[in-house]
Amino acid sequence: MAVRRPLVVGNWKMNGLLADGVARVRDLCTRVVAEPPPCDVLVCPPATLIAPVAEALRGSPVLWGGQDCHAEDKGAFTGDVAVAMLADLGCRAVIVGHSERRRDHGETDAIVCAKAAAAHRAGLIAIVCVGESLADRDAGCSEAVVGGQVSGSLPQGASGANTVIAYEPVWAIGTGRIASAEQIAAMHRHLRGLVRARIGCGAGDMRLLYGGSVSAANAAEILRIAEVDGALVGGASLKINDFLAICRSCVAA
Ligand code: PEP
């Protein structure tokens, strides 16, 4: 049976200025070194803070990554960030297809797939986000929607070494409303089956994260669910006590 080391990712979204962002990762790093949690810890600050965060974290066990990237390697794409730029700053991963980008920037599965492929070309882990809307869930088609997103968003060559899937029901993101343990377990079982059908042997190596209002209070219950290999954390990742409590709630692989 595959042993997957849990992963907890902090998605700071569009929050943080230089002084507080650097202070936050310094604090996180000191406390992770003093008492290592049973998981990999990755922070994804806004693009403006990646360089100073990298400087503060270099050589530490805390990893850092981007929140998005462009599918092209370089060129006339004003305001966008290329995967090579992320890799150049020591990023280990990049989030692609977050529901806020699918919603606000019209990102389709094809775009997400191209971004994930770009991440792989640059040697980055693509954290591919999928998740159904409340209307999808109410209509009873959550598994079909998520299945379509997985098959459309994972590029050729996706493997447990270069890809993580984050299941984030859209209705649970930033709302304080979390999916029930049964809903999470069922979707993660479904996801494991989809990955197995897609990549065959090695499917057991791919980490499947849950995201959506994960907090210090509910993390232990979520992280003990079978096939949940960690969490993608938004709001709570801005509070180091809470973020560390989530990391410490992981069940060691
Ligand atoms: C997210 O940004 O991916 C997320 C899950 O946010 P929150 O934890 O705030 O719901």
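Just so we're clear, the structure is a prediction, and the values are computed from it rather than from any experiment. (Residues numbered from 1 in each chain as written. Predicted model: local features only at pLDDT ≥ 70, side-chain atom pairs only at ≥ 80, totals over all residues. Heavy atoms only, no water.)

Draft legend 1. Region of the structure containing the sheet that holds strand β7 (residues 207-211). Taken together, 8 strands build a closed barrel; the order of strands is β1-β2-β3-β4-β5-β6-β7-β8 and the barrel is parallel. In this sheet, neighbouring strand axes are inclined to one another by 25° on average, regardless of whether the strands run parallel or antiparallel. Helix α2 (residues 50-57) contacts β2 (40-44) and β3 (63-66) of the sheet and is inclined by roughly 170° relative to β3. (Pairing = 2+ DSSP bridges. Helix = DSSP H or I, 4+ residues; strand = E, 2+ residues; numbered from the N terminus. Axes fitted to C-alpha atoms, helices over the stretch in contact; angles between N-to-C directions. Contact = heavy atoms within 4.5 Å.)

Draft legend 2. The arrangement of helix α7 (residues 142-153) in detail. Taking 1.5 Å per residue, 12 residues should reach 16 Å; α7 reaches 16 Å between its end C-alpha atoms and fits that length. Within the span of α7, buried status applies to Ser142, Val146, Gly147, Gln149, Val150 and Ser153. Down the axis of α7, the buried side of the element spans an arc of 160°, and every buried residue falls inside it. Packing partners of the buried residues in α7 comprise α4 (99-104), α5 (109-121), β5 (125-130), α6 (134-138), β6 (163-167) and α8 (181-199). (Expected span 1.5 Å × (residues − 1). Buried < 20%, exposed > 50% of the residue type's maximum accessible area, 1.4 Å probe, protein only. Arc of directions from axis to C-beta.)

Draft legend 3. Fine view of the site of the ligand. Residues in close proximity to the ligand total 14 residues, the closest being Lys13, His98, Glu168, Gly174 and Ser213. Asn11 has a polar side-chain atom sitting 3.1 Å from an oxygen atom of the ligand. At 2.9 Å from an oxygen atom of the ligand is found a main-chain nitrogen or oxygen belonging to Gly235. Split by residue class, the shell around the ligand holds 4 nonpolar, 8 polar and 2 charged. (Near = heavy atom within 4 Å. Polar contact = N/O pair within 3.5 Å; in protein donor to acceptor, adjacent residues only side chain to side chain. Nonpolar A, V, L, I, M, F, W, Y, C, P; charged D, E, K, R; others polar.)

Draft legend 4. Looking closely at the nonpolar core. One finds Leu28, Val43, Ile165 and Tyr210 to be the most contacted residues of the largest nonpolar core, which totals 65 residues. Those residues in contact with Ile165 that lie beyond four places of it in its chain are Val128, Val130, Val150, Leu154, Leu191, Val195, Met206, Arg207, Leu208 and Leu209. Counting 13 residues, the second largest nonpolar core, distinct from the first, contains Val9, Leu63, Ala93 and Ile127. (Core = buried A, V, L, I, M, F, W, Y, C linked by side-chain atoms within 4.5 Å.)

Draft legend 5. Representation of the packing of helix α1 (residues 18-34) against α2 in the model. Across the interface, α1 lies against α2 with an axial gap of 9 Å and an inter-helix angle of 30°. Taken as axis vectors, α1 and α2 run roughly parallel relative to one another. Between α1 and α2 lies a crossing whose hand is right-handed. Each of Leu18, Val22, Val25, Arg26 and Cys29 in α1 lies in contact with α2, whose residues at this interface are Pro52, Val53, Ala56 and Leu57. Residue composition of the contact of α1 with α2, by class: 8 nonpolar, no polar and 1 charged. (Parallel < 35°, antiparallel > 145°, perpendicular 65-115°, else oblique. Left-handed = near helix turned anticlockwise from the far one by under 90°.)

Draft legend 6. Inspection of the packing of α5 against α7 at higher detail. Where α5 contacts α7, the axes come no closer than 8 Å and their chain directions differ by 45°. Here α5 is positioned oblique relative to α7, judged by the angle of their axes. For the pair formed by α5 and α7, the contact residues are Asp109, Ala110, Val112, Cys113 and Ala116 on the first element and Gly148, Gln149, Gly152 and Ser153 on the second. Split by residue class, the contact of α5 with α7 holds 4 nonpolar, 4 polar and 1 charged.

It is worth stressing that arrangement in space is one thing and function is another; only the former is reported here.
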